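# A structural walkthrough
Now for the letters of each chain:
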Amino acid sequence: MKKVAMFLTALMLISAIPMAGGDTLFTFVDGSGTDSSQFGFNVTYLGDINGDGYDDVAVGAPYNDSADGSRPDCGAVYIFFGYPNMDIFHGNNIDIGSANVTIYGATTGDYFGWSVAYGGNIDGSGGSIIIGAPDNDTADGSKPSAGAVYIFNSTAFVSSGKTYSATDANYTIYGEQNYTRFGFSISGGANIDGLLYDDFVVGAPGKVYFYDNMEYSDSPGGATTPYHGWTHYGSGLTDEWEHGTPSNSDNDADSDDFGPYSAYSGKYCWATDLDNDYSLGSSLSDFMALNTTDIDLTDSMYPHLTFYDWLEIEGGSYDYCNISIYRSSDDTLLLTLEADYDDTHAWQKNVYNISAVAGEIIYVQFALHSDSTVAYAGWYIDDVMVYENKTGKAYVFYGDGSLPGSASNADVVLHEGRGSELFGYSVSTGDDLNGDGYDDIAIGSPGYDFFRGKVSVYYGGQLDPQVYFHDGFDDGVFNGWAAGGAATVSISSTVYHSAPYSLLISASATTATYITKTMYCRNVSNPVMSLWWNP
């Protein structure tokens with residue numbers, strides 16, 4: 001089974017419709033479903049999709065294992081048609097066996113039903129239902145967890161008692177990149193472009209494998225129990241790693257002040273010593289190490305590590321810091337990220353490409369080495385995250401009688417920040433916030449600025465220029481670019497505009513030079529290209 005990102009919120013197992021007075025009228029239950037299918041993960045009112053005058057409801061169960069249990073976590077969606085006196089006819093509990101329509105995911109681990117939305121009239125055939133499967137691997141399996149959305153015309157559901165598969169969808173749109181989780185969120189039934197048919201938006205936020213903001217005040221089992229799985233020890237050097245509030249937080253001139261005035265975020269962080277200089281060893285081979293808990297990167301491709309730190313050490317050939325990555329199963333050293341370190345005397349953000357350990361289960365080690373001479377305030381660490389380095393996106397599809405088969409051919413692609421921000425984790429549309437006659441779009445980014453979060457709002461009718469292609473080179477690969485003339489093209493780790501990679505072009509000064517990339521612009525006659533460059 002595919003792993004589920006650790007940042008997910010608690011899940012509802014049962015969904016109920018309350019009366020105005022607070023009493024439960026009746027309850028939909030998973031009495032005859034599969035264990036741990038998480039029926040009720042989401043609930044969506046669909047309007048009257050079967051045309052009988054009563055509104056209907058859909059319930060997602062993304063961890064369902066299919067009717068016969070042969071496709072673990074393929075997911076399922078149950079549709080219940082509304083009718084008078086549902087509680088009287090069924091009693092207090094309406095079992096999923098009474099669902100009028102059941103749709104199962106196509107493939108193991110797709111999580112079909114993770115998101116469900118009413119799509120409205122997107123192609124002239126009437127109402128529609130849009131269902132997300134964010135861990136779908138695309139039709140040919142070439143793009144793991146690229147994701148997919150399935151669109152069903154509601155006319156298919158007029159007769160009750162039917163069972164469908166995701167493969168019966170009227171339209172299927174696949175994600176464009178590995179691990180972006182297209183279909184994680186969906187919102188439909190909107191008029192964004194002001195034309196005849198309804199439009200919808202699909203989020204693809206990417207994935208976070210590990211995050212810790214250090215904001216826990218007490219060890220769960222007392223002083224001997226590690227915080228959130230972190231461990232620490234010394235080798236020839238006294239281990240003084242501590243979790244808590246920096247002692248310099250009172251911001252005065254006392255002799256007991258060491259380190260920063262506060263944690264980078266919140267109240268707490270890790271430090272080599274919160275209220276004193278770090279301890280001394282006898283040689284540079286002596287160190288004290290702080291290790292994260294295990295981080296599962298078995299389904300990753302371009303994982304990155306980021307954290308904030310504050311540093312004051314003796315430096316030079318005396319003391320230094322080391323950031324290393326080890327395989328959890330046998331403690332094999334897989335990657336060394338730093339073997340030296342300069343003082344910062346301020347909190348700073350660090351970003352490392354750790355794609356070399358993709359596919360492994362790892363832990364990250366922060367180690368301070370010290371000889372027998374001078375010690376200083378030491379090393380403070382906060383807000384550690386490991387994430388898939390794909391920029392979160394939201395895709396806008398205009399209902400115009402046809403839909404593309406790939407997210408790369410969406411009418412508009414919205415993107416902000418980096419994959420760590422989880423842009424597209426939630427999407428919402430359907431309201432005209434500024435009164436201009438177009439429905440607007442709100443996109444949630446809960447991972448923004450180390451999970452402080454943000455919401456970005458875009459006015460409908462003003463999504464111009466439309467983005468048909470975007471490449472920030474963040475994954476460190478060419479992605480189809482080719483050189484022409486005397487040009488040679490390579491990926492540079494030089495940081496421009498806060499990106500970890502850039503495309504570096506070199507050529508003879510006397511020969512015409514160009515690079516090319518095939519793109520597809522849907523329903524547009526005058527595409528415009530913009531770029532950042534530094535000759």
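Each chain has its residues counted from 1, running along the sequence as written. At least 70 in pLDDT is required for a residue's local features to be given in this predicted model, at least 80 for side-chain atom pairs to be given and counted, and no such filter applies to totals for whole chains, interfaces and linings, which use all residues. Side-chain measures were taken over the full set of non-hydrogen atoms in the model, leaving aside hydrogen atoms and water.

## Side note on the overall build of the protein chain
The helix count covers DSSP runs of H or I at least four residues long, the strand count covers runs of E at least two residues long, and both are numbered beginning at the N terminus. Helix and strand counts for the protein chain come out as two helices and 35 strands. For every residue, the accessible area (1.4 Å probe, protein chains only) is compared with the maximum for its type, and the residue is labelled buried under 20%, exposed over 50%, or partly exposed between those bounds. Residues classed as buried in the protein chain amount to 50% of the 535 residues present. Should any heavy atoms of two residues lie within 4.5 Å, those residues are counted as being in contact. Sequence-distant contacts, at least 24 apart, represent 68% of the contacts inside the protein chain between residues at least 6 apart. Taken as a whole, the protein chain presents about 22800 Å² of accessible surface, with 49% of it coming from carbon and sulfur. Only the protein chains shown count as cover for residues, with accessible areas throughout obtained via the Shrake-Rupley method and a probe of 1.4 Å.

## What about the sheet that holds strand β30 (residues 440-445)?
Strand order in this open sheet of three strands is β29-β30-β31, and the pairing throughout is antiparallel. What marks the edges here is a single partner per strand, and that holds for β29 (426-431) and β31 (454-458). Adjacent strand axes in the sheet meet at a mean angle of 20° when their direction is disregarded. Inspection of the sheet shows β30 paired to β31 by five bridges, in the antiparallel sense. In the strand pairing of β31, isoleucine 441 is matched with tyrosine 458. Following DSSP output, two strands are said to pair if at least two bridges run between them. Inter-axis angles, ranging from 0 to 180 degrees, are taken between N-to-C directions of lines fitted to C-alpha atoms, where helices are fitted over the stretch in contact.

## Quick word on the nonpolar core
Most often, soluble globular proteins have nonpolar side chains that are buried together. Nine residue types can take part in a nonpolar core, namely buried Ala, Val, Leu, Ile, Met, Phe, Trp, Tyr and Cys, and a core is a set of them joined through side-chain atoms within 4.5 Å. Judged by nonpolar contacts, the single largest core of 36 residues is most densely connected at Leu305, Ile323, Ile354, Phe366 and Trp379. If you list the elements that add at least two residues to this core, you get β15 (208-212), β19 (287-291), β21 (303-312), β22 (320-327), β23 (333-338), β25 (361-369) and β26 (378-388). Look past the residues within four positions of leucine 305 in its chain and what remains in contact with it is Ile323, Leu337, Asn350, Val351, Tyr352, Ile354, Val364, Val384, Met385 and Val386. Residues Phe41, Leu274, Tyr380 and Met385 belong to the second largest nonpolar core, which totals 22 residues.

## A few points about the pattern of salt bridges
Take a side-chain nitrogen of Lys or Arg and a carboxyl oxygen of Asp or Glu: if they are within 4 Å of each other, that pair is a salt bridge. Overall, the coordinates contain six salt bridges when judged by the stated rule. Salt-bridge contacts for aspartate 299 lead to lysine 207; the nearest nitrogen and oxygen are separated by 2.8 Å. One end of the pair, aspartate 299, is in the loop between β20 (295-296) and β21; the other, lysine 207, is in the loop between β14 (199-204) and β15, and 92 residues separate them in sequence. Lysine 454 is the salt-bridge partner of glutamate 421, the closest N and O atoms lying 3.9 Å from each other. In this pair, glutamate 421 is assigned in the loop between β28 (412-415) and β29 and lysine 454 in strand β31, connecting sequence segments 33 residues apart. For glutamate 421, a relative accessible area of 12% gives the class buried. The partly exposed category is assigned to lysine 454, whose relative accessible area is 25%. One salt-bridge network, in which partners are shared between bridges, spans Arg327, Asp330 and Glu360.

## Examining the pairing of β15
Counted residue by residue, β15 has five buried out of five residues, so it is predominantly covered. Note: β15 against β26, four bridges, orientation antiparallel. Within the sheet, the bridge partner assigned to tyrosine 211 lies in β26 and is methionine 385.

## What to know about the packing of aromatic side chains
Working definition: rings of Phe, Tyr and Trp (its six-membered ring) pair if their centres are within 6.5 Å, and the pair is stacked with planes under 30 degrees apart, edge-to-face with planes over 60 apart, and tilted otherwise. Summed over all chains, the structure comprises 24 aromatic pairs. With centroids separated by 5.1 Å and ring planes inclined at 85°, the aromatic side chains of phenylalanine 307 and phenylalanine 366 adopt a geometry described as edge-to-face. Remark: phenylalanine 366 occurs in strand β25 and phenylalanine 307 occurs in strand β21; sequence separation between them is 59 residues. As far as the burial class goes, phenylalanine 307 and phenylalanine 366 line up, both buried. Directly above the ring of tryptophan 114 sits arginine 181, whose terminal nitrogen or CZ lies 5.4 Å from the centroid. Criterion for a charge above a ring: Lys NZ or Arg CZ within 6 Å of the ring centre, and within 35 degrees of the ring normal.

## With respect to unusual backbone geometry
Although it is not a glycine, methionine 214 adopts a positive phi angle of roughly 70°. Unlike most non-glycine residues, leucine 422 shows phi in positive territory, near 60°. With respect to the helices and strands, leucine 422 occurs in the loop between β28 and β29.

## Let's talk about the environment of glutamate 312
With respect to the helices and strands, the residue glutamate 312 is situated in strand β21. Measuring from C-alpha to C-alpha, the distance between glutamate 312 and aspartate 343 comes to 4.9 Å, with 31 residues separating the pair along the chain. Leaving out residues up to four positions away in the same chain, glutamate 312 has contacts with Tyr278, Asp343, His345, Tyr376, Ala377 and Gly378. Whenever two N or O atoms come within 3.5 Å, that pair is a polar contact, provided that in protein one can donate a hydrogen and the other can accept it, and provided that, for residues adjacent in sequence, both atoms are side-chain atoms. Polar contacts involving the side chain of glutamate 312 include one to the main-chain amide nitrogen of alanine 377, which spans 3.3 Å.

## Section: the sheet that holds strand β13 (residues 185-190)
The strand order across the open sheet formed by four strands is β13-β14-β27-β28, and the pairing between neighbours is antiparallel. Across the chains shown, the open sheet's two edge strands, defined by having one partner strand only, are β13 and β28. Pairwise comparison of adjacent strand axes, ignoring direction, gives a mean angle of 15° for this sheet. Here β14 pairs with strand β27 (residues 393-397) via five bridges, running antiparallel. Note on β27: the bridge partner recorded for glycine 203 is alanine 394.

## Re the environment of serine 420
Its place among the elements puts serine 420 in the loop between β28 and β29. Residue serine 420 is classed as buried on the basis of its relative accessible area of 9%. Separated by 114 residues in the primary sequence, serine 420 and threonine 306 place their C-alpha atoms 9.1 Å from one another. Other than its neighbours up to four places away in sequence, serine 420 contacts Met385, Tyr387 and Gly447.

## Structural notes on the confidence of the model for the protein chain
A residue's pLDDT is the confidence the predictor assigns to it, expressed on a 0 to 100 scale. Residue-level pLDDT values for the protein chain average 79, and 75% of them are 70 or greater. Here residues 1-26 is a poorly scored stretch, pLDDT under 50, and it has 64 contacts once near neighbours within four places are set aside; other chains count. Taken together, the stretch residues 220-225 has pLDDT below 50 and engages in three contacts with residues farther than four places along the chain or on a different chain.

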